[in-house]
Structures are given as structure tokens and as C-alpha cells.
Amino acid sequence: MQDFKYQANPARVVFGKGSIRKVPEELLRLGLTKPLILCTPQQTLQAEDLREILDGEVTVAGVFANATMHTPVEVTDSALKVAKESGCDSVVSIGGGSTIGLGKALSFRTGLYHLCIPTTYAGSEVTPILGETQGGRKTTQSDPKIFPGTVVYDVDLTMTLPAGLSATSGVNAIAHAVEALYARNGNPVINLLAVDGIKALAEALPQIIQDPSAAGPRARAQYGAWLCGTCLGSVGMSLHHKLCHTLGGSFNLPHAETHTVVLPHVVAYNAPKIPEALALLAQALPESDGDAIRGHNVLLQKLGIKRDLKSFGLKEEDISQAADIAVSNPYWNPREVERDPIKELIRRAWAGEEAR
Ligand code: NAD
């Protein structure tokens with residue numbers, strides 16, 4: 001058995017259908033009585049439902065409904081102003097990674113307590129990572145103070161997540177766990193979470209595509225997303241996250257879709273160096289027949305997701321530049337990150353060829 005270090009992360013997790021009704025008691029147990037609610041303009045109805053649940057139990061300081069993709073600093077500044085003027089003693093973010101990002105940005109700057117109610121599978125609620133954009137440039141920082149304090153997972157809030165977005169958001173979560181399985185600072189506890197998280201999502205996502213109104217698979221996907229997010233928040237990520245960061249940041253490709261297309265290609269690239277991770281992955285993916293790459297291909301086929309980056313706006317002439325950026329300043333990776341094979345990886349993902 002290899003030596004390892006393991007650090008448990010501090011979040012309190014409340015999981016269950018209807019658990020949004022427990023938000024007042026979760027705040028009151030900490031002596032918090034004046035939360036500011038955060039959401040995107042698309043999720044104001046859910047935020048207003050939350051306000052109704054809180055009203056009477058605590059004093060809602062207000063609803064800031066302008067959370068925006070990639071957490072622009074200007075939006076954080078206007079939310080800070082609202083927070084200050086309202087005299088709130090906590091922030092409650094209800095939404096996906098973008099809204100939770102705003103909650104983290106506010107909490108990190110002010111020390112305000114942050115309770116999250118995630119409505120996608122992105123996993124940001126259990127990580128110490130904050131990505132922000134200023135003048136079109138995205139920067140990422142990691143600090144234990146960024147961890148939200150409480151996470152409330154209520155399947156009811158995910159029922160409106162469109163089937164296609166559920167699929168890509170879910171594969172985005174799987175990608176966190178896949179890279180955790182071969183992380184340099186990986187450990188057996190995180191491997192357990194990764195395998196169970198991938199298994200839960202890989203089983204639930206095709207069921208959600210077949211019947212988006214089925215609460216059972218939605219709850220199982222949410223459970224998987226929690227475990228996979230915990231992997232992201234605990235160990236280092238490698239080539240896959242670097243590539244998706246590059247493609248999203250430099251070529252403006254959509255976040256979850258890019259993760260979905262690129263993942264099997266990165267697993268295939270790293271395959272010669274990660275036999276143990278591949279065995280665990282094959283165990284977690286249904287219909288893999290012992291072959292993790294086959295398991296990925298089967299899953300993506302069942303989800304009916306577009307498999308080519310050209311559909312999302314990457315041009316053929318961008319491939320070389322993307323490869324240059326990806327190999328400059330690379331994250332640690334189990335296989336050496338070499339330009340020509342990386343360029344071929346991106347070309348295959350661009351063309352929509354099957355990973356092998
Ligand atoms: P998102 O938060 O950007 O949401 C996308 C859209 O879907 C928004 O309009 C949102 O209002 C809507 N939406 C969310 N949940 C919904 C629901 N249940 N029903 C209907 N509509 C819903 O999407 P995301 O994929 O959750 O987050 C992506 C962002 O999060 C990216 O900026 C990414 O970088 C970041 N992220 C950060 C971390 C981290 O650890 N810091 C982890 C994962 C993702």
C-alpha cells in the first residue's frame with residue numbers, strides 16, 4: 001500500500017427531497033438571522049420560493065438576482081454593495097456553479113457565512129476553488145476560506161434542469177472523479193468517493209435522458225455530483241482540466257459540453273500510464289466490459305450528446321494554438337504532455353472521432 005495524506009473538508013451536508021425547508025433551521029442553529037439570497041435572472045422563481053420559506057423564521061435581507069457565468073468582478077462589486085447596504089449576516093446561493101461562485105466571492109471578501117443550494121451537478125459547492133473574470137481574463141484561486149459552510153441538496157430544485165444540461169453537467173462532474181483517480185496526491189478515501197460518484201452518475205444520467213421527470217435518478221445524480229465535487233475539492237486535477245480551461249478560456253467554448261467531449265480522449269491519452277485508475281474506472285462504468293474507454297464511449301452514446309468541438313465553435317485553424325496553450329505551463333499529468341500527441345488529441349475531439 002502506498003503512503004498518502006488525506007485531509008477531510010469541513011462542509012456540513014444536508015441531503016434529501018424537500019430539504020430546502022430545512023434552510024431556516026440550518027441558519028438559526030448558527031445564530032444567523034439575516035441572509036442575502038443570490039441567484040441568476042433565470043432562477044428568480046426558485047429564489048422567491050426560498051424567500052417565502054425563510055420569511056417569518058428569519059429576516060431576508062434581499063435577493064440579488066444578477067449572478068453571471070464566470071463570476072465577473074464587476075458583478076461581485078455590485079453584490080458587495082447590496083450586501084453592505086442590506087446589513088446581511090450571511091449569503092445563501094441557490095443555483096449552479098455561476099451563482100455559487102458569486103457566493104464564494106462575497107464570502108471570501110467579507111467573511112460572511114455561505115450556505116449553498118446547488119441546482120446543477122457542477123460540484124463547486126464542495127471545493128475551495130474560486131474562478132473569477134476581470135476584463136475578459138479568468139483567474140482561479142484556491143483557499144480553505146472559500147469553502148461554503150453548509151450545502152443543502154434538494155432534488156426538487158434539479159427537476160427543472162433541462163435533460164441535455166443535466167447530461168453535460170453530470171459528465172463534467174464525472175471528469176472531476178476520473179482525474180482524482182490518477183491524481184499525484186490521490187488517496188484511497190478519495191478513490192472510494194470517485195468510484196461511487198462515477199457509478200451513481202453513469203447509471204442515473206441515461207435514466208434522466210429517458211425520463212427527465214423521474215426523481216429517483218435525479219437524486220442519485222445529485223449524490224454522485226456531491227462525491228465527484230468532493231474529489232475536485234480534495235486532490236489536484238491534470239491534463240483534462242487544463243485542456244478544458246484552455247478551450248473554454250481562449251476559444252470561448254461552453255464549460256460542461258467541452259468537458260463532455262474531451263474526457264474520453266484524455267483517458268485514452270493517459271491510458272498507458274494509469275493501469276490502476278483504468279481498472280477502477282472500468283468497474284464504475286456500466287457496460288465497459290473491463291475497458292474504461294469503451295465504458296465512456298457507451299455512456300456518451302446513451303446520452304446522445306454532440307461529440308465534436310467544431311459544433312461548439314472551435315475552428316480547425318484553432319487546433320494548433322490550443323495545443324500550444326495546453327502544453328505551456330501544464331498541470332502535473334501522469335503521462336508527459338507533448339505537443340504533437342496533444343494536438344492530435346484536440347483534432348480528434350474537434351472532429352468528433354471516438355476515443356480509442
Ligand atoms: P451555471 O451555474 O452557469 O448555470 C447555467 C444556467 O442554467 C444558468 O442560467 C442557471 O440559472 C441555469 N440553471 C441552473 N440550475 C438550473 C435548474 N435546476 N433549472 C433550470 N435552470 C437552471 O452552470 P454550472 O454548469 O452549474 O456552472 C458552471 C460554472 O461553474 C463555470 O463558470 C465553472 O467554471 C464553474 N465551476 C466552478 C467550480 C469550482 O470548484 N469553483 C466547479 C465546477 C464549475
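Residues numbered from 1 in each chain as written. Predicted model: local features only at pLDDT ≥ 70, side-chain atom pairs only at ≥ 80, totals over all residues.

A. Region of interest: the site of the ligand. In the region of the ligand, 28 residues are neighbours, and Gly96, Gly97, Thr120, Ala122 and Ser124 sit closest. Contributions of two or more residues to the shell around the ligand are made by α4 (97–110), β6 (129–134) and α9 (255–270). Along the lines of polarity and charge, the residues of the shell around the ligand split into 8 nonpolar, 20 polar and no charged. The residues that make up the shell around the ligand include at least three from each of domain 1 (12–158) and domain 2 (163–351). (Near = placed C-beta within 6 Å. Helix = DSSP H or I, 4+ residues; strand = E, 2+ residues; numbered from the N terminus. Nonpolar A, V, L, I, M, F, W, Y, C, P; charged D, E, K, R; others polar. Domains from an automatic or database assignment.)

B. The packing of helix α5 (residues 163–181) against helix α7 (residues 215–234), seen in detail. Following both chains from N to C, one finds α5 and α7 inclined at 40 degrees, their axes separated by 8 Å at the closest point. Here α7 runs oblique to α5, going by the angle between their axes. Read as a crossing pair, α5 and α7 show a hand that is left-handed. Contacts from Ser166, Gly170, Ala173, Ile174, His176, Ala177 and Ala180 in α5 reach Ala221, Gly224, Ala225, Cys228, Gly229, Cys231 and Leu232 in α7. The residue inventory of the contact of α5 with α7, partitioned by class, reads 9 nonpolar, 5 polar and no charged. (Axes fitted to C-alpha atoms, helices over the stretch in contact; angles between N-to-C directions. Parallel < 35°, antiparallel > 145°, perpendicular 65-115°, else oblique. Left-handed = near helix turned anticlockwise from the far one by under 90°. Contact = placed C-beta atoms within 7 Å.)

C. Representation of the domain arrangement of the protein chain in the model. When the domains of the protein chain are assigned, the result is domain 1 (12–158) and domain 2 (163–351). Its C-alpha centre places domain 1 at a distance of 26 Å from the equivalent point of domain 2. Listed per partner, the contact involves 15 residues of domain 1 and 18 residues of domain 2. Its residues assigned to classes, the side of domain 1 that touches domain 2 shows 7 nonpolar, 5 polar and 3 charged.

D. Looking closely at helix α10 (residues 275–284). Here α10 has its buried residues at Ala277, Leu278, Leu280, Leu281 and Ala284. Seen end-on, α10 carries its buried residues on one side only, within an arc spanning 165 degrees. Among the exposed residues of α10, those pointing more than 90 degrees away from its buried face are Pro275, Glu276 and Ala279. Those residues of α10 that are buried are in contact with α5, α6 (188–210) and α11 (292–303). (Buried ≥ 20, exposed ≤ 12 C-beta atoms within 10 Å, placed from the backbone. Arc of directions from axis to C-beta.)

E. Focus on α9. For α9, with 16 residues, the first-to-last C-alpha span of 22 Å sits near the 22 Å given by 1.5 Å per residue. Of all the bends in α9, the greatest reaches close to 35 degrees and is centred on Val262; the proline Pro264 follows between one and four positions later. By the criterion of burial, α9 is predominantly enclosed, with 15 of the 16 residues buried. (Expected span 1.5 Å × (residues − 1). Bend = angle between axes of the 7 residues up to and from the residue.)

F. Layout of the nonpolar core. Residues Leu38, Ile174, Ile198, Leu201 and Leu281 are the most contacted members of the largest nonpolar core, which totals 105 residues. Taken domain by domain, this core gets at least three of its residues from each of domain 1 (12–158) and domain 2 (163–351). Once residues within four sequence positions are removed from consideration, Ile174 is found in contact with Ile198, Leu201, Ala202 and Cys228. (Core = buried A, V, L, I, M, F, W, Y, C linked by C-beta atoms within 7 Å.)

G. Just the sheet that holds strand β5 (residues 113–118), in detail. Taken together, 6 strands build an open sheet; the order of strands is β1-β8-β5-β4-β2-β3 and the sheet is parallel. The sheet is open, and its two edges are formed by β1 (12–15) and β3 (62–64), each paired on a single side. Taken pair by pair, the neighbouring strands of this sheet meet at an average axis angle of 20 degrees, ignoring direction. Across 6 bridges, strand β4 (residues 90–95) lies against β5 in parallel orientation. In the strand pairing of β5, Val92 is matched with Leu115. Lying over the sheet, helix α2 (residues 44–54) contacts β2 (35–38), β3 and β4, oriented at roughly 160 degrees with respect to β2. (Pairing = 2+ DSSP bridges.)

H. Representation of the packing of helix α3 (residues 73–86) against α4 within the structure. With their axes 10 Å apart at the nearest point, α3 and α4 run at an angle of 60 degrees to one another. Here α4 runs oblique to α3, going by the angle between their axes. Of the two elements, α3 crosses α4, and the hand of that crossing is right-handed. Of the residues in α4, those touching α3 at Val75, Thr76, Ala79, Leu80 and Ala83 are Leu102, Ala105, Leu106, Arg109 and Thr110. Of the residues that constitute the contact of α3 with α4, the class distribution is 7 nonpolar, 2 polar and 1 charged.

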